Amino acid sequence: MDRLVHALRTPSEPVQRSAATAMSPLMGMLGGGPDDVRPLMQQMMAALLEGETYGDRRGAAFGLAGMVKGLGISALKAYEVMTTLQAAAADKKNETRVRAPDAACRQGALFGFEALSEKLGRLFEPYVIHILPILLNSCGDNDVGVREAADAAAKAVMSQVASPECCLSVDGSGLRFYAVAAILPFLTAVTLQGDACRRVGCGHVCEDDADAVV
């Protein structure tokens, strides 16, 4: 496991993705309870939100997603993953943020959303409506790195909620996009009443939504 964690710092996305994928089946070997996993989870979250380089934060995002994939979706709540990422992405004070500049911290959190959505697929759907306001705001961030990370996260999220694998057939006659249907009213309200930054973000998300469905 130590070698895989070290590989996450390699400045190569294919290497980082491979290391994260290899971590998933090993998570059950770390111990029998949450306390056995918590130190590694804390290490990964610290690298994600406080990593000194883009590569450190990017690799930690893949590592975090690989860990959650191996532990199961319940790990998001057990280790307060989503709470921590939402606070960091929204630029709120959080005890996990110590060294990283605010923009780097926000970027790292958005990397986390992107990687979790890609790795968990349809299991991540229930969290989409909760992170959507953050993605919209982040698309209008003053920092270009944060805006690019928000755009990538929006693409990853919308590609999952609008993919055929995330659709359910009600009566065998067709498919219904439940997640998309749930967020469209919110997007419409933001488009009509939101501030400029959120309207810009809404445009990006709607574009990603349309591309994913097509």
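As shown above, the structure is provided for reference.
Residues numbered from 1 in each chain as written. Predicted model: local features only at pLDDT ≥ 70, side-chain atom pairs only at ≥ 80, totals over all residues. Heavy atoms only, no water.

Caption draft 1: Structural view of the pattern of salt bridges. Counted according to the given criterion, the structure contains seven salt bridges. The salt bridge partner of D56 is R9, with a shortest N-O separation of 3.3 Å. Placement of D56 in helix α4 (residues 54–71) and of R9 in the loop between α1 (2–7) and α2 (13–23) is noted, with a sequence separation of 47 residues between them. Residue class for R9 comes out exposed when judged on its relative accessible area of 56%. (Salt bridge = Lys/Arg side-chain N within 4 Å of Asp/Glu carboxyl O. Helix = DSSP H or I, 4+ residues; strand = E, 2+ residues; numbered from the N terminus. Buried < 20%, exposed > 50% of the residue type's maximum accessible area, 1.4 Å probe, protein only.)

Caption draft 2: Seen up close, the packing of helix α6 (residues 81–89) against helix α7 (residues 102–120). Between α6 and α7, whose axes approach to 8 Å, the crossing angle comes to 140°. Looking at the two axes, α6 sits oblique to α7. Crossing hand, α6 versus α7: left-handed. On α7, the residues that touch V81, M82, L85, Q86, A88 and A89 of α6 are C105, R106, A109, G112, F113 and L116. Split into classes, the residues belonging to the contact of α6 with α7 amount to nine nonpolar, two polar and one charged. (Axes fitted to C-alpha atoms, helices over the stretch in contact; angles between N-to-C directions. Parallel < 35°, antiparallel > 145°, perpendicular 65-115°, else oblique. Left-handed = near helix turned anticlockwise from the far one by under 90°. Contact = heavy atoms within 4.5 Å. Nonpolar A, V, L, I, M, F, W, Y, C, P; charged D, E, K, R; others polar.)

Caption draft 3: The packing of α6 against helix α8 (residues 125–138), seen in detail. Here α6 crosses α8 at 20°, and the two axes come no closer than 10 Å. On the basis of the axis angle, α6 is roughly parallel to α8. In terms of crossing hand, the pair formed by α6 and α8 is left-handed. Contacts from M82, Q86 and A89 in α6 reach Y127, H130, I131, I134 and S138 in α8.

Caption draft 4: Spatial organisation of the packing of aromatic side chains. Considering all chains together, one arrives at two aromatic pairs under this definition. Here Y54 and F111 contribute two aromatic rings whose centre-to-centre distance is 5.3 Å and whose plane-to-plane angle is 85°, an arrangement assigned as edge-to-face. With a gap of 57 residues between them, Y54 in helix α4 and F111 in helix α7 connect regions that are remote in the sequence. Y54 gets classed as partly exposed once you look at its relative accessible area, which sits at 46%. In this structure F111 comes out as buried when scored by relative accessible area, which is 3%. We note R58 situated over the ring of F111; from NZ or CZ to the ring centre the distance is 4.8 Å. (Phe/Tyr/Trp six-rings, centres within 6.5 Å; stacked < 30°, edge-to-face > 60°. Lys NZ or Arg CZ within 6 Å of the ring centre and 35° of its normal.)

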